[in-house]
Amino acid sequence: MWVKKALIALGLLSALGGAARAGACGPQALGVSRTIAVGGPVHVGLKTYPQTLELKDHEVVLTFDDGPAATTARVLDALEAQCAKATFFLIGRNAAAMPAVVRREIADGDTVGSHSYSHPGDTLRRLPFAAGLAEIDKGAAAVDKAAGGKESKLFRFPGFGDSSALLATLDQKKVPVFGADVWASDWNAMTPQEELDLLMGRLRRSGGGIILLHDTKKQTADMIPALLAALKAEGFQLVHVVPGDAPPALKQAPAGWTSETDATLRKMGIEGPRKAGAPRMDVPLQEQREPNADKK
Ligand SMILES: [Zn+2]
């Protein structure tokens, strides 16, 4: 015990990751209420697809895109303090640059998926098919290499910009494709408190769902401790997604569903394949303002 206290005093224990502090969470922690194994072929997330995971009222799944980054460790610390687990969709080149963070995510019991190699600004939808597929394969390989094993079994398209040909290929490979049900819209600049208020407002209205966040955003890393506390206080339960062998139970979208993602991409002029010589967009979709963003 004195060893643990001494390590805490020296600030060393937090560097050791989840195993060292396992069991430190009491009933006041958010924790994980259940685990869903997800195998392909399947596409989930109502922002993009007409079906999602069969979550119960007030169940949420935490997903983080675009990492790892310098801010990721603080997100992992916050999750660990609440015995909470999340899914991280990693950009391959970021994983290659920060493999230690990838290994900590795995050691902490979080799930790691891939999110292309370089997150092309005009999305994979607009790349020629072979280039889009190369982005997917290279990204997954980079995540696996950083992880030290075959870890990246789940995939999320950058900017949710899929194409029917790439989806068909991923289906064939039985790779589950993740969209999201609830956006934190953290690509927009706001304070951590504004982001918390926006996201909790959306969760109260939706009753839960697959939440999209970015561990690359300082405002989000700052907000996560308060978000986890608010989820606990308002009776939300955390569901942990892990790779599985078969598609999970699904919930169909309500009648009249339309893809908010497609509407967004259309407004940005991203519909079909990019024409030769057309200018590439120079900022990732996530950096752009969400059209019709409702602030509350
Ligand atoms: Zn992204």
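Going by the structure above, here's the rest.
What comes next is a walk through the structure. (Residues numbered from 1 in each chain as written. Predicted model: local features only at pLDDT ≥ 70, side-chain atom pairs only at ≥ 80, totals over all residues. Heavy atoms only, no water.)

So, about the overall build of the chain. For the chain, the helix and strand inventory stands at ten helices and eleven strands. By the burial criterion, 52% of the 296 residues in the chain qualify as buried. At a minimum sequence separation of 6, the contacts of the chain that also span at least 24 residues come to 80%. Split by element, the accessible area of the chain, about 12900 Å² in all, is 58% carbon and sulfur. (Helix = DSSP H or I, 4+ residues; strand = E, 2+ residues; numbered from the N terminus. Buried < 20%, exposed > 50% of the residue type's maximum accessible area, 1.4 Å probe, protein only. Contact = heavy atoms within 4.5 Å. Areas by Shrake-Rupley, 256 points an atom, 1.4 Å probe, with all protein chains shown as cover.)

This brings us to the coordination of the zinc ion. Around the zinc ion, the donor atoms from the protein are Asp66 (OD), His115 (NE2) and His119 (NE2), and they sit 2.1 Å away. All donors to the zinc ion come from one chain, and their sequence spacing reads D-x48-H-x3-H. Each member of the pair, histidine 115 together with histidine 119, is buried. (Donors = N, O, S within 2.8 Å, 3.2 Å for Na, K, Ca; no water.)

Enumeration over the complete set of coordinates arrives at 13 salt bridges. Across the pair arginine 74 and aspartate 222 runs a salt bridge, and its minimum N-O distance is 2.7 Å. Residue arginine 74 is found in helix α3 (residues 72-81), and its partner aspartate 222 is found in helix α9 (residues 218-233); the two are separated by 148 residues along the sequence. Judged by its relative accessible area of 35%, arginine 74 falls in the partly exposed class. Judged by its relative accessible area of 30%, aspartate 222 is partly exposed. (Salt bridge = Lys/Arg side-chain N within 4 Å of Asp/Glu carboxyl O.)

Attention now goes to the packing of α3 against helix α5 (residues 99-107). Contact geometry of α3 with α5 gives a least axis separation of 11 Å together with a crossing angle of 10 degrees. Viewed along their axes, α3 and α5 adopt a mutual orientation that is roughly parallel. When the axes of α3 and α5 are compared, the crossing they make is left-handed. Residues Thr72, Ala73, Leu76, Asp77 and Glu80 of α3 lie in contact with α5, whose contacting residues are Val101, Arg104 and Glu105. Here the residues of the contact of α3 with α5 are counted per class, giving three nonpolar, one polar and four charged. (Axes fitted to C-alpha atoms, helices over the stretch in contact; angles between N-to-C directions. Parallel < 35°, antiparallel > 145°, perpendicular 65-115°, else oblique. Left-handed = near helix turned anticlockwise from the far one by under 90°. Nonpolar A, V, L, I, M, F, W, Y, C, P; charged D, E, K, R; others polar.)

For the rest of this paragraph, the subject is the pairing of strand β4 (residues 59-65). The element β4 is largely enclosed, with a buried count of seven among its seven residues. Residue alternation in β4 divides its side chains into two sets, Glu59, Val61, Thr63 and Asp65 and Val60, Leu62 and Phe64, and both sets are buried. Sheet analysis places β4 next to strand β9 (residues 208-214), joined by seven bridges and oriented parallel. For glutamate 59, the partnering residue across the bridge sits in β9 and is glycine 208. One ladder, built from two bridges, connects β4 with strand β10 (residues 237-243); its direction is parallel. Bridge assignment links valine 60 to a residue of β10, and that residue is leucine 238. Two strands pair when backbone bridges link them, and β4 and strand β5 (residues 87-90) are joined in this way by three bridges, in the parallel orientation. Each bridged residue has a counterpart across the sheet, and for threonine 63 the counterpart in β5 is threonine 87. For the handedness criterion, the β-α-β arrangement of β4, α3 and β5 is classed as right-handed. (Pairing = 2+ DSSP bridges. Right-handed = clockwise from strand over helix to strand, strands pointing away.)

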